Amino acid sequence: MRNYKYVFVFLLAWMVSSCEEDYLDIVPDNLATIELAFANRYNTENFLYNCYGYLPSPGDVNDNPALKGGDETWFPEAIKGYNGPTMAQGFQNINNPRFDKWNGGLYEGIRKCNIFLDNVDEVPGLDQYLKDKWKAEVKFLKAYYHFYLVKMYGPIIIVDDAVEVSASTEAVRSERNTLEESFEYIVGLMDEAIEFLPETLQYEDEELGRVTKPVAAAIKARVLMTYASPLFNGNTVYSGLTNSEGAPLFPLEYDASKWERAALAAKEAIEISEASGVALYTKDDYQDPFDQNDTTILKAALRGRVTERWNKEIIWGHTSNINGLQSEAMPRLYGYTTNPVASRHAPTLRVAEMYYSENGVPIDEDVTYNYANRYKTKSATSKDRFHVEPGQKTAILNFNRETRFYADLSFDRGTWFGNGRELDTDPWYVHGRKGEFASVFEISQYSVTGYWPKKLVNLKTTVKNGTSFSPNRYAFPIIRLADLYLYYAEALNEVKAAPDAEVYQYIDAIRERAGLNGVVESWRDFSLEPNKPTTKEGMRDIIQRERMIELAFEGPRFWDLRRWKLAEVYMNKPIKGWSVLGQSVEDYYNVRILYTPSFTTKDYLWPIRESELINNPSLEQNIGW
C-alpha cells in the first residue's frame, strides 16, 4: 500500500485542531511567540502541519466550486446554503463573492509559509536534511496556494515575504503582478521544492500526508498546462487590465512554446510518478472474491480508480471528510425508515449523453447508435442484465454505452453493485419514478435529473437497516495518473503539426483500461467522422471529451472549460434532466429543462471583493465586475 501519496487531512487536521486553541494563539508576529513556535523540532513540525491546513478540500461542496458550480451536476430548487448552485445559476457578486479565496484564507496560508521559511533555519538541533525537506514542502505549499489564486483570479499579488503585523497600511498596499510574473514565480518555487522532496516517505506511519516529488511534479505540470491554455495564453479580452504604469497584466500574444514546456513537465511528472510505483488502476488490481463476470469486475475496478482507498493511481489525494458527498451521490435503494442519504448530487442529461457508445465514439457520431430515438424507451433483456434490470424499461440512451457510463452513473432501472451486494447475480436495481424508493423523499433530497454519480460512492459504503449511513472513506483525488496522461496527450497535440503515435499512446492507455479500442481504430470503424483523430483540431476535440469523461465529477471539467475558453459554450445551454416526478414510463422519460444559466466573459475569473478594493486602491478589479 503506497499510502504516503495521500494528503491525510484527518491526521493533519487533528494535529492542527487539537492544538488550535493553544498553539495557534502563539502564532501572532511578535518576537517572543515566534521564538516559541520555532524553539524545537516538535513546535516547528506543528507549525509545518499548520501550513498544510490551508489546503482547499476538493471533496467538500462548500470548499470546491467545481463540484456544484458548473454544468456537470444540478440540484433541487429548494436546496439552500450551498455557494455552488448560486454560482452555477450566474449569481456571483463583488460584495460577497462565492468561494472567495482572496479574502478566504489562501493569503493567510501563504503568510504562514513565509513565517516558516524565515525561521526554520534557526531551529536548534534540527539537522540539515530535515530543514531542506521541510522547506521544500512549504515552498511547494506556498506555490500551490499562489496557483490556486491564479486559476481563480488571473494576475495576483505575489507575496514572497512575511509582512509584519506592525507594518503600516501603505507598506502592505500592493498592486497585482502580471500573469507571466505570477506563473513564473509559481513554477520557480515548485522547481526549488522538487529538488529536495523525497520520491517516497521514509517513515510512512509518521509522515502520512506530506508532499513528495511525484506530487510536486504533477502539480507543476498542471500549472504549466493552465499557463499554456487559451484563457491565459494570448487572450486579448483582458487587454484593458493594466497596472499603474499602463502595462497589460495579461500577455496579449499567443506563445506556442508554453505548450512545449507543459509537455516536458507532464512527461517528467509521468516518469517520476511511475518510478515511484504510481500506475493506472486496472481490473487486474481489483480483488474480486466472487469470480464474477468480466463486465462486473471492470465496472468495480473503474469505480475503484477513484474510491479504492489505497489506489495506486492517485498521485495526490485529500482525505477530508467526504461522507456528505457520498450521501448526496447515492440513491435510495430500498424503503429506508429514515432518510440517511440525501441523493441530490445529480449529473445532468448532457453529461449522460457525453459518454461514448459501447464502440468508443460519441453517440451522435456512432453509425450504429440509435441517436435520433435516444429519449424513447425499450425493455431490457437478459443480455443487458449487468447494466439494466431485465424486463424493465428505461431510455434507449441508457443502453449500449461504454463501461465507464455504467461505472460512473446510476439511473432508473440501472444496476447498483455495493451496499452489501457485490454479486453480479444479485445486484440492487434503482427505482426512481414517482412513489418509488429512489424518487423524491422531500423537496431538497432527490435527483432532479434522474441520474446519480455512482463514481463517487465506495463499493463498501452502505445503508444499514434502512436507518444508518456507513460511508467507506477514501482519498478524494486532487490529481491522478490518468489526468497526467491526458495532459501529456493534450500538450503534445498542440505542439505537433498533426497527432501521431505518441499522442495516441497516452489517451489509448486510458481507453484500454476502460475496455475500449484506440481512437484511430474506433473512429475508423464506427464514426461518421472517421478521419477526426488524424487532425490537430479533431484530436483536440477528442482529448477534451476524453478528459470530461474520464475525470467526470472529480472537478477538472469546471477548470478545463475555463482554461479552454469553452465555458461560455457549455454554460449558456439549458440544463436538462428527465421528468422525475412522472409515475409512468411515458411520463418519466420526457426531457425537462431545469434551468438556463448565463455565463459571460467576466465569469471566467473571480471578482475581487469590493471591500478589498476599498482597502487597497492599488488593486484593479477584473474585467466586467
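Our subject is the structure that appears above.
Reading the values: the criteria
Residues numbered from 1 in each chain as written. Predicted model: local features only at pLDDT ≥ 70, side-chain atom pairs only at ≥ 80, totals over all residues. Heavy atoms only, no water. Disulfide = S-S within 2.5 Å. Buried < 20%, exposed > 50% of the residue type's maximum accessible area, 1.4 Å probe, protein only. Axes fitted to C-alpha atoms, helices over the stretch in contact; angles between N-to-C directions. Helix = DSSP H or I, 4+ residues; strand = E, 2+ residues; numbered from the N terminus. Parallel < 35°, antiparallel > 145°, perpendicular 65-115°, else oblique. Left-handed = near helix turned anticlockwise from the far one by under 90°. Contact = heavy atoms within 4.5 Å. Nonpolar A, V, L, I, M, F, W, Y, C, P; charged D, E, K, R; others polar. Salt bridge = Lys/Arg side-chain N within 4 Å of Asp/Glu carboxyl O.

(A) Looking closely at the state of the cysteines. Tallied over the entire structure, the rule returns zero disulfides. C51 takes part in no disulfide bond, and the closest cysteine sulfur to it belongs to C113, at a distance of 4.2 Å. Of the residues examined, C51 reaches a relative accessible area of 0% and is grouped as buried. With relative accessibility at 0%, the residue C113 sits in the buried group.

(B) Region of interest: the packing of helix α8 (residues 128–153) against helix α12 (residues 213–228). At their nearest, the axes of α8 and α12 sit 11 Å apart, and the two run at 25 degrees to each other. Classed by the angle they form, the pair α8 and α12 counts as roughly parallel. By crossing handedness, the relation of α8 to α12 is classed as left-handed. Judged by residue contacts, F140, Y144 and F147 of α8 engage V215, A216, I219, R222, V223 and T226 from α12. Here the residues of the contact of α8 with α12 sort into seven nonpolar, one polar and one charged.

(C) Geometry of the environment of F417. Examined against the element boundaries, F417 turns out to sit in the loop between β8 (415–416) and β9 (428–429). Spatially, the C-alpha atom of F417 lies 8.8 Å from that of Y429, the residues being 12 residues apart in sequence. When neighbours within four sequence positions are excluded, F417 is seen to be in contact with T296, K299, R303, F386, E422, L423, D424, P427 and L459.

(D) The pattern of salt bridges, seen in detail. Evaluated as defined, the whole model comprises 49 salt bridges. The residue K258 makes a salt bridge to E180 at a minimum N-O spacing of 3.8 Å. Placement of K258 in helix α13 (residues 257–275) and of E180 in helix α10 (residues 179–196) is noted, with a sequence separation of 78 residues between them. According to the relative accessible area criterion, K258 is buried, its value standing at 5%. Classification of E180 as partly exposed rests on a relative accessible area of 36%. Across the pair E313 and R513 runs a salt bridge, and its minimum N-O distance is 2.7 Å. Residue E313 is located in the loop between α14 (294–307) and β3 (314–318), and its partner R513 is located in helix α19 (residues 501–513); the two are separated by 200 residues in the primary sequence. One connected set of salt bridges, linked through shared partners, spans R305, E313, E402, R404, D408, K455, R480, R511, R513, E546, E550 and E554.

(E) Summary view of the packing of α12 against helix α18 (residues 481–495). Relative orientation of the contacting elements α12 and α18 amounts to 35 degrees, with a least axis distance of 11 Å. α18 is crossed by α12, and the crossing has left-handed handedness. Residues A218, A221, R222 and M225 of α12 lie in contact with α18, whose contacting residues are D483, L484, Y487, E490 and A491.

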